[in-house]
Amino acid sequence: MIETDILIAGGGIAGMSAAARFAADGHRIMIVDPAPADIGEGTDLRTTAFLQPGIETLKKAGVWDAIKPTGAELRVMRIVDAGGNELAPRETADFDGAETTQGFFGWNVSNKAARVSLMAKLETLPNVDFRFSTTVTGFTGTARYGEATLSGGETVRAKLVVAADGRNSSLREFAGIKHRRWAYDQSALVFVVTHDKPHDNISTEIHRTGGPLTLVPMPDLDGKPCSSVVWMTPADRARQLYNMDDATLSAEITHDTMSMFGPLTVASPRAIWPMISQVPSRLISARLALVAEAAHVVPPIGAQGLNMSLHDIETLADLMAKAKLKGEDIGATTLLKSYERKQLPKTLARVGGIDLLNRASMFEPRTLRDLRYAGLTAINRIGPLRKLAIKVGVGK
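A brief look at the structure comes next. (Residues numbered from 1 in each chain as written. Predicted model: local features only at pLDDT ≥ 70, side-chain atom pairs only at ≥ 80, totals over all residues. Heavy atoms only, no water.)

## Digging into the overall build of the protein chain
Item 1. Summing up its helical and strand segments, the protein chain has 11 helices and 19 strands in all.
Item 2. Oriented by its inertia axes, the alpha-carbon framework of the protein chain measures out at about 65 × 40 × 40 Å.
Item 3. Here the protein chain, with 396 residues, has 54% of them falling under the buried criterion.
Item 4. Restricting the contact set of the protein chain to residue pairs at least 6 apart, pairs at least 24 apart contribute 72%.
Item 5. When the accessible surface of the protein chain is split by element, carbon and sulfur atoms take 55% of a total near 16,900 Å². (Helix = DSSP H or I, 4+ residues; strand = E, 2+ residues; numbered from the N terminus. Buried < 20%, exposed > 50% of the residue type's maximum accessible area, 1.4 Å probe, protein only. Contact = heavy atoms within 4.5 Å. Areas by Shrake-Rupley, 256 points an atom, 1.4 Å probe, with all protein chains shown as cover.)

Below, the structure is given as C-alpha cells:
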C-alpha cells in the first residue's frame, strides 16, 4: 500500500505540469505513465503555443525559465482570409501583442522541448514520485480517499486522483463518466519548414477551404527562419499531402501560402492526426478530477488545447491551496464540486466556440466563405470586437 496526497495518471505535458504545479504548493505527488523512462528523440512533432495565463501557471510550477529559451515569442497573431475566387489574401487581420497588458501573446515551444524541461524539473523535486511503464488498472473513490491499483500490482491511496490520461482516459471510464465525441472528416498534417523571409514572430493562420493552414514561429534552424506547420484539411487531402516527397510537399505549401514567406522547404518528418472534439458529462467523481484531454479535446485552433489544460490545473491548484491553508481535505466533494462549477461551463463554451470556428474554416460554398470574410473584416475593423478577439487570443 502506497499513500500520497495526489495521484496523477498521465505523464504527458499536462500531467507533468500538474505534478510540478501541485508539488510547488507542498503536496506529495505520485505520477504514473505507460511510457518508458527513456523518452529518446520522441515522435511528437507538434509544438504548443503557451499563452500568458498558462505561462503564469508554469512560472508557479518553477519550470518556465527552462522552457522559455527553447521557443519563439508570439508577438502578432495574423489571420488571412483567402476564400475568394483567386488564391490571394482579401483580408489580413493583425492582432498585435502590444495591445495586450503583457506585450505579447505567448511563446511557441516544441512538445519535445517542453517535455524534456518538465522531466528535468520533476527529477529535482523530493515530493514527486514518477513511475514510468505504469498504468492505473482500477479505481474506487470513497469518502476518505481514492484507491487505485497499478499495473505493477501496487495499491495507491490518495486524497485526490487526477485523470490526465488523455482522450481515451481509463480513469474516466472507471468512474463511469460518459463523454461525447464527434469527428470532422478532417486531419491535421504537422511538420516544420524553413523559409527565406523572416517570420518576425508573427503566427500566420490562412483560411480558404477545408480548414486553416497555420505557420507558427520557431527559433532559426541551421541559420534559416523556421516555422512549425499545422495544416488542417479534409482527411483524403491530408493523406495525399502526407504521402508526397519533401520536394513536392514544399512546392505545395509554398503555393498554398501564396509565397508569403518565399519558397518553403520541408525540414522535418511529418505526422498526421484525425480531428475530433470531445466533452465529458462531468468533470468529477468521488476523489477524482478530470483535466486536460480527459476533460476536453478540440482541434488546434487558436492554441486553446493545452492552454485549457493549464487552466484546469491552475483552478484545481488554487482550490487545493486554499483548502490546505485552512487545514481542509484537498479531495473533499465540496472542493471538487467547486472545481466543476468553475470549469465545466467554460469547457463547454470553449469547445463549442472552437467547433464553430473550425466548421467556419471548412466552408466550401462561396456564400459561406464570403460570410466568414465579412466576420473577419468586422472583427478587424470594429474596436470592441477587436478587443474581445485579443482577449480570447491570450486565453482569457
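## Structural notes on the packing of helix H8 (residues 305-325) against helix H9 (residues 333-361)
Each pair of packed helices can be described by the angle between their axes along with the distance between the axes.
Item 1. Between H8 and H9, the least distance of the axes is 10 Å, while the angle of their chain directions is 165°. Comparing the axis directions of H8 and H9 gives the class roughly antiparallel. Between H8 and H9 the crossing geometry is right-handed. Packed against H8, whose contacting residues are Met-308, His-311, Asp-312, Thr-315, Leu-316, Leu-319, Met-320 and Ala-323, the element H9 presents Leu-335, Ser-338, Tyr-339, Lys-342, Gln-343, Lys-346, Thr-347, Arg-350, Val-351 and Ile-354 at the interface. (Axes fitted to C-alpha atoms, helices over the stretch in contact; angles between N-to-C directions. Parallel < 35°, antiparallel > 145°, perpendicular 65-115°, else oblique. Left-handed = near helix turned anticlockwise from the far one by under 90°.)

## Some words on the sheet that holds strand E4 (residues 72-74)
Item 1. Across the sheet, three strands lie side by side as E3-E7-E4; this open sheet has antiparallel pairing. Edge positions in the sheet fall to strand E3 (47-51) and E4, since each of these pairs with one other strand and no more. With direction set aside, neighbouring strand axes in the sheet form an average angle of 30°.
Item 2. Inspection of the sheet shows E4 paired to strand E7 (residues 106-110) by three bridges, in the antiparallel sense. Its bridge partner being in E7, Leu-74 is matched across the sheet by Gly-106.
Item 3. In the packing of helix H2 (residues 52-60) onto the sheet, contacts are made with E3 and E7, and the angle to E3 comes to roughly 90°. (Pairing = 2+ DSSP bridges.)

## Re the side chain of Thr-4
Item 1. Along the polypeptide, Thr-4 turns up in strand E1 (residues 2-9).
Item 2. Note on Thr-4: relative accessible area 7%, which makes it buried.
Item 3. Here the side chain of Thr-4 touches Arg-28 through a polar contact of 3.0 Å, landing on its backbone oxygen.
Item 4. Apart from the residues lying within four places of it in its own chain, the contact partners of Thr-4 are Arg-28, Ile-29, Met-30, Val-156, Arg-157, Ala-158 and Lys-159. (Polar contact = N/O pair within 3.5 Å; in protein donor to acceptor, adjacent residues only side chain to side chain.)

## Considering the side chain of Ser-17
Item 1. Note on placement: Ser-17 falls in helix H1 (residues 13-24).
Item 2. Of note is the side chain of Ser-17, whose polar atom sits 2.7 Å from the backbone oxygen of Ile-13.
Item 3. With near-sequence residues (within four places) excluded, Ser-17 lies in contact with Leu-58, Leu-118, Leu-310 and Ile-313.

## Let's talk about the nonpolar core
Item 1. Among the nonpolar cores identified, the biggest contains 70 residues, and Ile-8, Phe-22, Phe-50 and Leu-316 are the most heavily contacted of them.
Item 2. Residues contacting Leu-316, with those up to four places away along its chain left out, are Phe-22, Leu-160, Val-162, Ala-289, Val-291, Leu-335 and Tyr-339.
Item 3. Grouped together as the second largest cluster of nonpolar side chains are 18 residues, Ala-82, Met-244, Met-258 and Phe-261 included. (Core = buried A, V, L, I, M, F, W, Y, C linked by side-chain atoms within 4.5 Å.)

## Quick notes on the pattern of salt bridges
Item 1. Here the structure, examined in full by the defined rule, presents 20 salt bridges.
Item 2. Its salt-bridge partner being Asp-129, residue Arg-131 comes within 3.0 Å of it at the nearest N-O pair.
Item 3. On the basis of relative accessible area, Arg-131 is assigned to the partly exposed category, the value being 25%.
Item 4. In this structure Asp-129 comes out as partly exposed when scored by relative accessible area, which is 28%.
Item 5. Between Lys-224 and Asp-196 there is a salt bridge; the shortest N-O distance is 3.3 Å. Pair noted here: Lys-224 is in strand E15 (residues 224-234) and Asp-196 is in the loop between strand E12 (179-195) and strand E13 (202-207), with a separation of 28 residues, a long-range link.
Item 6. A single salt-bridge network, built from bridges that share partners, covers Arg-21, Asp-25, Lys-60 and Glu-314. (Salt bridge = Lys/Arg side-chain N within 4 Å of Asp/Glu carboxyl O.)

## Description of the packing of aromatic side chains
Item 1. With the rule as written, the count across this model stands at two aromatic pairs.
Item 2. Ring centres of Phe-50 and Trp-64 lie 6.0 Å apart, and the angle between their planes is 70°; on these two criteria the pair is classed as edge-to-face. Of this pair, Phe-50 sits in strand E3 while Trp-64 is found in helix H3 (residues 64-67), placing the two residues 14 residues apart along the sequence.
Item 3. On the basis of relative accessible area, Phe-50 is assigned to the buried category, the value being 1%.
Item 4. A relative accessible area of 4% places Trp-64 in the buried class.
Item 5. Stacked on the ring of Tyr-242, the Lys or Arg Arg-239 has its end atom at 5.0 Å from the ring centre. (Phe/Tyr/Trp six-rings, centres within 6.5 Å; stacked < 30°, edge-to-face > 60°. Lys NZ or Arg CZ within 6 Å of the ring centre and 35° of its normal.)

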